[in-house]
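A closer look at the structure
Okay, here's what each chain looks like letter by letter:
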Amino acid sequence: MARKFHNPEEELFLRVKAIMVLRVVFLTGFIALIIPFQQRFDIAANVVPLSVVIGSAYLLTGIYALLLKFWKPAFSASVQLAGDLVIVGGIIYTTGGIHSPFSFLFLFVIIATSVVLSQAACYLVASGASITYGLLIDLEYFSVIHPVQLFQESSASFESGYVFYIIFLNIASFYSVAYLSSILSNRLRIMREELAMASMDLRELQAFHSSVVQDMGNGLLTTDLEGNITSLNQAAEDITGFQIEDCLGQCAGTILEIPSFRKFLQDPESARLPMEIEDTCKRRDNRQIIIRMKISRFSGHGLPVKGYICVFEDLTEVKEIQDKYYQAQQLAAVGRFSAGLAHEIRNPLASLSGSIQVLSKGLVLTNSYRKLMEIVLKEADRLNLILTEFLNYSQPKKNNKALVDLTQIIRDRLTLLRNSEEYHPSIEITFETSEDHIIIDSDEEQIKQLVWNLCINAMQAMPMGGQLNISLVRHDGETNSEAPGVELTVQDQGCGIPKDQLEKVFDPFYTTKENGVGLGLANVYQIVQQSGGDIKVESGENKGARFTVKFPLPDPQPRTNREYSAAE
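Overview of the structure. Treat the numbers as computed from the prediction; the structure is a model and nothing was measured.

**Structural notes on the packing of helix α13 (residues 406–418) against helix α14 (residues 444–460)**
Their axes nearest at 10 Å, the elements α13 and α14 cross at an angle of 45 degrees. In this view, α13 runs oblique relative to α14, as classed from their interaxial angle. Taken as a pair, α13 and α14 cross one another with a handedness that is right-handed. Within the contact between the two elements, α13 uses L406, I409, I410, R413, L414, L416 and L417 and α14 uses E444, I447, K448, V451, W452, C455, I456 and M459. Tallied by class, the residues present in the contact of α13 with α14 amount to twelve nonpolar, no polar and three charged.

Structure follows, in structure tokens:
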């Protein structure tokens, strides 16, 4: 447990209380010392003045205790030390004056001053002790006062020079003790402050070290020379799945089940440190992860090795991202190759189609051969359509955004749909919109392609006829519970999409139609992503399909650099 250091006021307050306690202990010990003398030398009459002084000292101590809460510590210490000078002077007076053996008590007052007050205060108390002691001796010398002789009176005479020697010796001792005690006390105070600062720095360093170790992203594990775990940080717990209470004292090889790491623990002396290991590891939940670890020695500067430090990280997600990146690069390369191949096929296909059309007009063919010629032309057109859709998907055009009227685009597309080969009278098309003109910020050609693909896909899903419902709604996000945006819904009553296939409908080349290519919805998804929107599909087998496209609202600020393409 860290030691608690008080502020200077609290520290001084505690020292003043300690001096009060020591004063009481000293007075009690002084009484216990005087009692044997009283019984042995029969000095009962002379003890009364001394008893009055000691009783006064007890009384003053009680007053100090009562007023301690109301006085500042420095002021209380000054008053008590001044009172101690008077008490010591009274003790000297009642124990023989110049013949009293208790003049050394002034030294304790000076030492106490060095403990609670400044260096200057020590010299002031030493001066006060010198004045008090000298005044007592002078008054006794001039017979102004007559001290109480508690002990047998000495034969030393004032005229012999003894009195001056005693005064000089005591005053010299007062100032000497003041000098030494103040230096020692000041040095002790400095050492305490330095110790407090060092302790504070140590606690901050420990807290910093603990924070760095516990909050670092990499796992940190330390072992002794035998390979037993001595510490583990939070990241190591998260990576391995083991708690610290389950790991301490256990072999590190049982926590990190890496063959090369276990081999190192069996013979660490032969290993060249620091060393790096990258291998698979089994977590506590038996899940395999990829670990990269760096092992180094744990020792102080110039000290023997105490153990080993293992810093490791989980590379599983990084490896997965790298694999996906390599796959994406391979797919991109295949896509570029496929796009080039499709482009090269398209040119001779156009030549073949044109040549067959010329031959069909210039040759006289029977009905069967003419029918075969028509099949060839139809399939050539179908191949050309497939190549066109593939090129549109693999090489998307630059998104030229502008403010476009989505309502008018849908109306134009529906007019074309009703005149297309895919449409038959058994299909009923309805269009509902909340406003006559709903504006979005997107590429007009791409939006036309999106609407066309969704509607064609819906009509192809209803070979026996049905209802195709198209709705367009603008949500401002103020009066509606819906998020802000423009919502386009295309719903059919066709065969529907099985639930287990809903996640695949936007994948390229995925189709459930007999003659389908699987690029129509893939192109729709790509266009929606480029427009910053979102698309969802809801369906079930034989329940029709509902495609919902959400476009963001356009920027309310006017755009001077974009063309407003709306058919009024």
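Now that the structure has been shown, the text picks up again.
**Re the packing of aromatic side chains**
Applying the stated criterion across every chain yields a total of 14 aromatic pairs. An angle of 40 degrees between the planes, with centres 6.5 Å apart, marks the rings of F26 and F108 as tilted. Here F26, found in helix α1 (residues 8–41), pairs with F108, found in helix α4 (residues 105–116); they are 82 residues apart in sequence, far enough to count as distant. Taking the relative accessible area as the measure of exposure, F26 reaches 35% and is therefore partly exposed. Judged by relative accessible area, which is 51%, F108 ranks as exposed.

**Some words on a nonpolar patch on the surface**
Where nonpolar side chains cluster on the molecular surface, the patch consists of V24, I31, I35 and Y58 and spans about 270 Å² of accessible area. When you line up the elements, I31 lands in helix α1.

**Looking at helix α5 (residues 119–141)**
End to end, α5 covers 33 Å across 23 residues, agreeing with the expected 33 Å (1.5 Å per residue, within 8%). Along α5, the residues classified as buried are A121, C122, V125, A126, G128, A129, S130, Y133, G134, L136, I137 and E140. Trailing α5 by a residue or two, S143 shows a phi angle of about 60 degrees, which is positive.

**A few points about helix α15 (residues 520–530)**
For α15, every residue scored as buried is listed here: L521, A522, N523, V524, I527 and V528. Where α15 terminates, the next one or two residues include G532, which has phi positive at roughly 75 degrees.

**Quick notes on the sheet that holds strand β4 (residues 288–298)**
The five strands are arranged β2-β1-β5-β4-β3 in an open sheet whose pairing can be described as antiparallel. The two strands at the open ends of the sheet, each matched to only one other strand, are β2 (229–232) and β3 (275–282). Strand after strand, the sheet turns through a mean of 25 degrees between neighbouring axes, direction not considered. Looking at chain direction, β4 and strand β5 (residues 307–314) are connected through eight bridges and run antiparallel. Within the sheet, the bridge partner assigned to S296 lies in β5 and is I309. Of the strands in this sheet, β3, β4 and β5 are in contact with helix α10 (residues 259–266), which crosses β3 at around 125 degrees.

**Focus: a negative patch on the surface**
Together, D314, E317, E320 and D323 line one region of the surface with negative charge. In terms of residue count, the dominant contributor to the negative patch is helix α11 (residues 316–362) (three residues).

**Quick notes on unusual backbone geometry**
The omega angle of the peptide bond from L273 to P274 is 0 degrees, so this bond is cis rather than trans. Relative to the helices and strands, P274 resides in the loop between α10 and β3. A positive phi angle, close to 60 degrees, is found at S143, a residue other than glycine. Among the secondary structure elements, S143 is positioned in the loop between α5 and α6 (162–215). In this structure, N286 takes a positive phi of about 70 degrees despite not being glycine.

**Structural notes on the pattern of salt bridges**
On inspection of all chains with the given rule, the structure shows seven salt bridges. Notably, a salt bridge pairs K319 with E278, separated by 3.1 Å at the nearest N-O pair. Residue K319 is found in helix α11, and its partner E278 is found in strand β3; the two are separated by 41 residues along the sequence. The residue K448 makes a salt bridge to E444 at a minimum N-O spacing of 3.5 Å. Residue K448 and its partner E444 are both found in helix α14; the two are separated by four residues, about one turn of the helix.

**A few points about the sheet that holds strand β11 (residues 534–539)**
Pairing between the strands of a sheet comes from backbone hydrogen bonds, and it takes one of two forms, parallel or antiparallel. With mixed pairing, five strands are arranged side by side in an open sheet as β7-β9-β10-β12-β11. The outermost strands of the open sheet, each flanked by one partner alone, are β7 (427–433) and β11. The sheet shows a mean angle of 10 degrees between the axes of neighbouring strands, direction not considered. One ladder, built from six bridges, connects β11 with strand β12 (residues 545–551); its direction is antiparallel. Bridge assignment links D534 to a residue of β12, and that residue is K550. Most of the contacts of α13 go to β7, to which it runs at about 170 degrees, and overall it touches β7, β9 (466–475), β10 (485–491) and β12. Its contacts with the sheet put α15 on β11 and β12, and the angle it makes with β11 is roughly 140 degrees.

About the criteria used
Residues numbered from 1 in each chain as written. Predicted model: local features only at pLDDT ≥ 70, side-chain atom pairs only at ≥ 80, totals over all residues. Heavy atoms only, no water. Axes fitted to C-alpha atoms, helices over the stretch in contact; angles between N-to-C directions. Helix = DSSP H or I, 4+ residues; strand = E, 2+ residues; numbered from the N terminus. Parallel < 35°, antiparallel > 145°, perpendicular 65-115°, else oblique. Left-handed = near helix turned anticlockwise from the far one by under 90°. Contact = heavy atoms within 4.5 Å. Nonpolar A, V, L, I, M, F, W, Y, C, P; charged D, E, K, R; others polar. Phe/Tyr/Trp six-rings, centres within 6.5 Å; stacked < 30°, edge-to-face > 60°. Buried < 20%, exposed > 50% of the residue type's maximum accessible area, 1.4 Å probe, protein only. Patch = residues over 30% accessible without salt bridge, like charges linked within 9 Å, V, L, I, M, F, W, Y side chains within 5 Å. Areas by Shrake-Rupley, 256 points an atom, 1.4 Å probe, with all protein chains shown as cover. Salt bridge = Lys/Arg side-chain N within 4 Å of Asp/Glu carboxyl O. Expected span 1.5 Å × (residues − 1). Pairing = 2+ DSSP bridges. Lys, Arg positive; Asp, Glu negative; His and termini not counted. Charge placed at Lys NZ, Arg CZ, Asp CG, Glu CD.

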